[in-house]
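# Results of the structural survey
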Amino acid sequence: MTEKTQPGPRDLFGDVAPALAGYSEDVLFGQAWKSPELSPRDRSLVTVASLITSGSSEQLGFHIPLARQNGVTEAELIETITHMAFYAGWPKAMSALTVARELFRSA
């Protein structure tokens, strides 16, 4: 699989909210995501689960491909979504599944 480079926060939102884009890129992805206590793969699983729980399906469009780049398999993502249905609720899991299916089809 060829790794696709995704646009960063500054590319996506720097024109509208430069401070938030900078914090996202420098602190969140530059520091927190690079902390050695959790692997990028584990951080991706935690993040996907958290986004499902909060109903933030729109953000999954970025984080599911990132999880794949970090070594999470399609089957593991589907199992995460399924598992979260019991904790976050069926509608949130179904919304996440809709996003995942589209991303998997376009990959």
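Below is a summary of the structure that appears in this document. (Residues numbered from 1 in each chain as written. Predicted model: local features only at pLDDT ≥ 70, side-chain atom pairs only at ≥ 80, totals over all residues. Heavy atoms only, no water.)

## Overview of the packing of aromatic side chains
Per the counting criterion, the structure on display carries three aromatic pairs. With a centroid separation of 5.7 Å and 65° between ring planes, the pair formed by F29 and F62 is classed as edge-to-face. Of this pair, F29 sits in the loop between α2 (18-28) and α3 (40-54) while F62 sits in helix α4 (residues 57-69), placing them 33 residues apart in sequence. Since its relative accessible area comes to 24%, F62 is described here as partly exposed. Seen from their ring centres, F86 and W90 are 5.2 Å apart, and the 80° between their planes marks the pair as edge-to-face. (Phe/Tyr/Trp six-rings, centres within 6.5 Å; stacked < 30°, edge-to-face > 60°. Helix = DSSP H or I, 4+ residues; strand = E, 2+ residues; numbered from the N terminus. Buried < 20%, exposed > 50% of the residue type's maximum accessible area, 1.4 Å probe, protein only.)

## Digging into a nonpolar patch on the surface
Together, I78, F86, Y87, W90, M94 and L97 give the surface a local cluster of nonpolar side chains, amounting to about 680 Å² of exposed area. Only α5 (74-88) and α6 (90-106) provide two or more residues apiece to the nonpolar patch. If you trace the backbone, M94 turns up in helix α6. Judged by its relative accessible area of 45%, M94 falls in the partly exposed class. (Patch = residues over 30% accessible without salt bridge, like charges linked within 9 Å, V, L, I, M, F, W, Y side chains within 5 Å. Areas by Shrake-Rupley, 256 points an atom, 1.4 Å probe, with all protein chains shown as cover. Salt bridge = Lys/Arg side-chain N within 4 Å of Asp/Glu carboxyl O.)

## Some thoughts on α2
Within α2 the residues assigned to the buried category are A21, G22 and S24. Taken around the axis of α2, the buried residues stretch over an arc of 160°, which confines them to a single face. Turned more than 90 degrees away from the buried face of α2, the exposed residues are L20 and Y23. In this structure, the buried residues of α2 make contact with α1 (9-13). (Arc of directions from axis to C-beta. Contact = heavy atoms within 4.5 Å.)

## Quick word on the packing of α4 against α6
At a minimum axis separation of 9 Å, α4 and α6 run at an interaxial angle of 50°. Relative to α6, the element α4 lies oblique. Taken as a pair, α4 and α6 cross one another with a handedness that is right-handed. On the side of α4, the interface is formed by S57, L60, G61, I64, P65 and R68, while α6 contributes S95, A96, V99, A100, L103 and F104. Residues of the contact of α4 with α6, tallied by class, amount to eight nonpolar, three polar and one charged. (Axes fitted to C-alpha atoms, helices over the stretch in contact; angles between N-to-C directions. Parallel < 35°, antiparallel > 145°, perpendicular 65-115°, else oblique. Left-handed = near helix turned anticlockwise from the far one by under 90°. Nonpolar A, V, L, I, M, F, W, Y, C, P; charged D, E, K, R; others polar.)

## Here's the deal with the nonpolar core
Counting 17 residues, the largest nonpolar core has V48, I52, L60, I64, L77 and I81 as its most contacted members. When residues of this core are traced back to their parent elements, those giving at least two are α3, α4, α5 and α6. Counting residues per element, this core draws most heavily on α5, which supplies five residues. In contact with I81, other than residues within four places in its own chain, are I52, A93, A96, L97 and A100. (Core = buried A, V, L, I, M, F, W, Y, C linked by side-chain atoms within 4.5 Å.)

Treat this as a map of the structure, not an account of what it does.
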